[in-house]
Amino acid sequence: MIDHGRGASTPAQRTTPPESVVALIEASTPVERQIIGDWLNSGGIAQELGADAPVTQLDMDAGAIATRLVGRHDDPLVVPVRVLWLPPERDGVRRITFTDLATMTNPRKPNRLAQRRLARKEPDRHVVLTGQPAQLSELRANNPEAAAMLSAGSGEPLARAIVRAGVVALERAERTIIGDRYKVPRLVTEEILDSPEFLRRLELIADQIDMPTQEVYRRAEKALNELVAAQSRLVSDLFTQAMRPVHASTWKVETDESGLSTLKTLNRRYPLVFLPSHRSYVDAFVLGDVLARNDFPPNHVIGGANLSFWPMGPIARRTGTVFIRRSFGDDEVYKAVVEEYFAYLLTKRFNLEWYFEGGRTRTGKLRPPRYGLLNYLAAAVRRNRVDDVMLVPVSITYERLNELGAIAHEQVGGKKKPEGLAWLARYVRSQQHSAGHVYVRFGEPLSARDRLAAHGDPLTDPPASIPLHGTDDRGVDSVSEPDAETAELERKAVQRLAFEIAVGINTVTPITVNALATLALLGVHDRALTLGEVRAVLDPVLRYIDKRGLPSGELAALRDEQSLAVVLEQLSLAKVVTIYRGGLEPVYSIEPGAHLEAAFYRNSGVHWFVNRAILELSILAAMASDDPDQLRAGWDEAFRLRDLLKFEFFFPDRTEFAAQMTEEMLLVDPDWRSHTRADTFGTDILGKLTDSGFMMAHRVLRSFFEAQLVVAERLEARDPAQELDRKQFIDECVKVGKQMLLQQRLHSPESVSTELFTSALKLAANHGLLAPVGPESAQDRAELSERRGEFARQLRTITARISRAVALDPSNREPAQ
């Protein structure tokens, strides 16, 4: 009955038998009481404890415990006892099925008639369970504030704490029989609302917002009831079986399970927080199924309240989903409740899962992270609510997705359809087609405490009497705001931690066959390729992947024409690739209007080729430079390109980036250091690049730079004194981008994307190009106009160099007649 979480004492080694025992009985029916009574009368407690001591039976009820136990002057050993009912064994597994539901029974909670029959005819279907015992003195020591109230004549607080400890002890004992995948929390709301520290927080909030304490308490209770995931083993079993076909019939799930044993070992000491990439609504089902098959306890999945519609919302809550409001506004009570619940789950070592990009990717690559929940996690670590938390980057990569049409529609300005029952039916129906593999990969786990400290977080412990309410940006509010210097250190540490998680996800994300097939076809402009030409594009890229040892899917399918034809046929069935068969041989190209879908597949692995693409553009810039030191000009351009792409990709610091670029140059020319002069750097290595058989700049970076160009030119044409409405501006960019595409000023249809325009606008803001200048300052307006113009000119130069890379790429040379 001892809670071995933070702050709890470890039970003393019992060298002498107990003088008396109190059996706390959790029984809901006369049948269960009889089973437990028979077990006690036959010496069950004596066998469990190895000693024969008088046993007092007491209901596990706070009122009874307050009356008959907490005030005792001796020190009895307290043992919680309940009956555990088991489902029948099917194929070696005890699990509830829909057959049980059809017969209106729950094998884990049979009714009293079923219990009587099972006790008589199937005795293997029940077990008398005892939790870890504890001396009454230990229970008092572990709940000092509740025990202190005994002197005031109130035994209820300590009694409730003993009930919670008994329930937890029984749950732990139960999982040794049924497995960790059925770990569920109990009495969460009651425990949080009984916490003296949390009650003090609510009192401070009441003073802060000038509201009666009782009203603040009522709102906190309501918010907890809204948040707390009321997990049910019955619903978990049935929901898993119901949802598995949604992904099992669509994808073949491939998991690298080599790291799972390490995670299970870590999970015995620390809570795990799984942070997956988010590409599909089925991500949580795929990951949950993988973890359940490896006997991990269910994650508490943090989700947006937009998915809490009936019937999914009530069901999902009973399988561990925590629905959080999209915006807290100024609701200080709700903020405090979310932070307290978050810290509670970590303290009790429940595993969490959330999608730290804040939503599904619309482009196929990782989105910039959101920091809100990471701030709550950092706050729990700083306050020493938990020793440590292990963060697990997870990559979930699909060869094909059947939901890309809706995503592409949103990128060109279409409205997202609201989630609801009709939406769910359409979504499930859309998944009834085979879509190849889905790869689940686990990155190196990160210690939250170690990494925050390494990134400069002071990890200061704020005064316990001051509430620490989180916000979306910083995790603190005006009540508990630290000094400006500390707050800045904390903010940067969380941002760097998020960056490290993103890099961890990218590091284990495999390159799929469809990522490479679309990479090849998107790199040719208005031209179809024969099967042999597609292979000619892919062969040097596959050699490059092998040389770097990059993680990959079933790439062997791209190495012979027969298997490659099957890959392209599958993309044709998905309406991403079109095949013309009326000539001498089939030719392949991107389906008209499907460039955004194709780019989604390409972008899932595009981060592996970004440095190569930057190298190509840097070499072309060095050759065009007037600087006699071409090598220096090339390096300057590489760092300039890195800065322009910092809102699209996760780059390391300048030193590490320089080392990575050096590795890229050595891949192109292993001897470049020994024979390249500074004034001929570009010419020397350009020949090696063209000899490598492929160019990446136009395939990897063109859409991003062209989207930036659209934003830059719209800013250049804008009055510097005019206030910018971001939504209207993005809509304008979509319309003008379509026009530029028709005029062939843009060459990548995937450049016309609200997602890319939004990132480009963030870049412009970072360069100080958005804030309007008042009409009274003509000089400042002229200076802003000039900087906007220079931004546009720089991007026009880069897009021109990308066109030069297109001309150098072997796949864009005129085919032999």
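Residues numbered from 1 in each chain as written. Predicted model: local features only at pLDDT ≥ 70, side-chain atom pairs only at ≥ 80, totals over all residues. Heavy atoms only, no water.

As annotated in an unreviewed UniProt entry, the protein chain is Glycerol-3-phosphate O-acyltransferase from Nocardia goodfellowii. As recorded by UniProt, the Sequence similarities (unreviewed entry) comment attached to the protein chain reads in full: "Belongs to the GPAT/DAPAT family." (UniProt positions renumbered as here; feature names shortened; annotations may be inferred.)

**Quick word on the sheet that holds strand E17 (residues 577–580)**
Across the sheet, 3 strands lie side by side as E16-E18-E17; this open sheet has antiparallel pairing. Of all strands in the sheet, those bounded by a partner on one side alone are strand E16 (529–530) and E17. Of the pairings in the sheet, the one linking E17 to strand E18 (residues 587–590) comprises 4 bridges and is antiparallel in character. Pairing of Ile579 across the sheet is with Tyr588, part of E18. Along the sheet, helix H22 (residues 513–522) makes contact with E16, E17 and E18, crossing E18 at roughly 90 degrees. (Pairing = 2+ DSSP bridges. Helix = DSSP H or I, 4+ residues; strand = E, 2+ residues; numbered from the N terminus. Contact = heavy atoms within 4.5 Å. Axes fitted to C-alpha atoms, helices over the stretch in contact; angles between N-to-C directions.)

**Focus: the pairing of strand E10 (residues 300–304)**
Among the 5 residues that make up E10, 4 are buried, leaving the element largely enclosed by the rest of the structure. Of the strand pairs in this sheet, E10 and strand E12 (residues 352–353) are connected by 2 bridges, and their pairing is parallel. The residue bridging His300 from the neighbouring strand is Leu352, located in E12. Sheet topology places E10 next to strand E11 (residues 321–324); 4 bridges connect them, and they run parallel. When the sheet's bridge partners are listed, Ile302 is paired in E11 with Val322. (Buried < 20%, exposed > 50% of the residue type's maximum accessible area, 1.4 Å probe, protein only.)

**Some thoughts on the pattern of salt bridges**
In a structure, side chains of opposite charge can pair up when their charged atoms sit close to one another. On inspection of all chains with the given rule, the structure shows 51 salt bridges. Note that Asp194 and Arg160 form a salt bridge whose closest N and O atoms lie 2.8 Å from each other. In this pair, Asp194 sits in the loop between helix H9 (188–193) and helix H10 (196–209) while Arg160 sits in helix H8 (residues 156–178), placing the two residues 34 residues apart along the sequence. When the shortest N-O distance is used, the salt bridge between Glu783 and Arg787 registers 2.7 Å. Separated by 4 residues within a single helix, Glu783 and Arg787 lie in helix H35 (residues 778–808), roughly one turn from each other. Given the relative accessible area of 40%, Glu783 is considered partly exposed. The network of salt bridges with shared partners includes Glu156, Arg160, Arg164, Glu191, Asp194 and Lys348. (Salt bridge = Lys/Arg side-chain N within 4 Å of Asp/Glu carboxyl O.)

**Structural notes on the packing of helix H26 (residues 610–624) against H35**
Closest axis-to-axis distance for the H26/H35 pair is 10 Å, and the angle between their directions is 105 degrees. By the angle class used here, H26 and H35 are roughly perpendicular. Residues Leu617, Leu620 and Ala621 of H26 form the contact with H35, whose participating residues are Ile798, Arg801, Ile802, Arg804, Ala805 and Leu808. Of the residues assigned to the contact of H26 with H35, the class counts are 7 nonpolar, no polar and 2 charged. (Parallel < 35°, antiparallel > 145°, perpendicular 65-115°, else oblique. Nonpolar A, V, L, I, M, F, W, Y, C, P; charged D, E, K, R; others polar.)

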